[in-house]
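Residues per chain are reported as follows:
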Amino acid sequence: MVVDNKPGAGGMLGVDVAAKAPADGHTIAIGFNGPIAFAPFMYRKMPYDPAKDLVPVVMTTSQPNVLAVNANLPVKTTQEFLAWVKQQGGKMNYSSLGMGSSSHLTMELLLAQTGLNGTHVPYNGSPPAALAVAQGDTDATFTTAPALLNHVKAGKVRLLAVSAAQVPESLKGLPTLADGGVKGVESLAWNGLFVAAGTPEAVVQKINADVNAALTDAQLKTVMDNQGLTIVGGTQADFRKVVDSDMKRWGAIIERIGLKLD
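Residues numbered from 1 in each chain as written. Predicted model: local features only at pLDDT ≥ 70, side-chain atom pairs only at ≥ 80, totals over all residues. Heavy atoms only, no water.

Participant: Outline the pattern of salt bridges, listing residues and values.
Facilitator: Tallying each qualifying case throughout the model produces four salt bridges. A salt bridge links lysine 6 to aspartate 4; the shortest N-O distance between them is 3.9 Å. You can call lysine 6 partly exposed: its relative accessible area is 41%. In this structure, lysine 221 and aspartate 225 form a salt bridge, with 2.9 Å as the shortest nitrogen-oxygen distance. Taken together, the positions of lysine 221 and aspartate 225, both in helix 9 (residues 218-226) and four residues apart, correspond to about one turn of that helix. You can call lysine 221 partly exposed: its relative accessible area is 44%. Residue classification places aspartate 225 among the partly exposed positions, given a relative accessible area of 25%. (Salt bridge = Lys/Arg side-chain N within 4 Å of Asp/Glu carboxyl O. Buried < 20%, exposed > 50% of the residue type's maximum accessible area, 1.4 Å probe, protein only. Helix = DSSP H or I, 4+ residues; strand = E, 2+ residues; numbered from the N terminus.)

Participant: I'd love a proper account of helix 10 (residues 236-257), names of residues and values included.
Facilitator: Since the α-helix turns once every 3.6 residues, residues separated by three or four places project in the same direction. Between its first and last C-alpha, helix 10 extends 32 Å over 22 residues, near the 32 Å set by a 1.5 Å rise per residue. Buried within helix 10 are the following residues: Gln236, Phe239, Val243, Asp246, Met247, Trp250, Gly251, Ile253 and Ile254. For helix 10, the secondary structure elements touched by its buried residues are helix 2 (33-42), strand 2 (54-64), helix 5 (102-114), strand 8 (188-196) and helix 8 (201-214). Directly beyond the C-terminal end of helix 10, a positive phi value near 65 degrees is found at glycine 258. (Expected span 1.5 Å × (residues − 1). Contact = heavy atoms within 4.5 Å.)

That is the geometry; function is a separate question.
Pasting the structure below:
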C-alpha cells in the first residue's frame, strides 16, 4: 500500500484522484463530509460528481463537533449560551475552520434552528480557530475536541456540548445539544473510503469486509479513542445512507446561507 497525500481544495484534490482512477479497487480515497456532501452545493464547478463518479465503501471513523466558548463568557450551558447570543442582537462572532467547513455549517445549523444570528470569522484550520476563541478574538466555535483541549486545560475555553446523539468515550461528562434543549442539530465529522464508480461489486465488498475486520483491532481502538475518534465500520449500504442524509441536510443549510465558491 502506498499513501499518496493530496491536500488542497478542501479535500477535493485527493478525492478526485480516486474518482478518475481505473475502476479496479486499487485506488482508494479516504474522504469526509467536505468533498463529498458539502462541495456539490458550495462550488459552481467540481472536477467530479460524488454521486456519479464515486462509490462509498465503508465509514471508518466519526467525530462530533463540540460547542466551545471563551471562558470569560457568562455561560456554562447551551441554553445560557443561546440566551446570551440573543442578547447580543447579532453581534456574537464565531470562528470556524474555513468557509463551508463542518465547523462553519454546524454553527449555521444551530443558529437556523434557534432563530438567532451571528457573524462568521473563518480561519485556516482548527488550531487557529480554537486559538481565536481562547484569546477572545471570537466568542465561540464548533470544532473537534483535540484542537480545544489544551485551551480548556489552560482555563481559556469552556466546552458546552457535543453535536452528536451519543457522547464518545473521550468526551464523557459533556451533554449533547439535545440534552441542552436543542433538537435537530447533529453534526458528525466522518471519514470513509471511496472507490471509482464501476468498481466490481465483489471488489467493493472485499474491501468493506477487510476494513471491518481491521477496525476490530483493540490497539487501533485505543489509538482512535485517544484522538477523539469513534470507530464505525458497517456495511456499504450503511455508509451510503449517511452520505445521502448529509447531502440532504447540509445542502439545505448551504443554500440558505447563500454560500457559493468558485
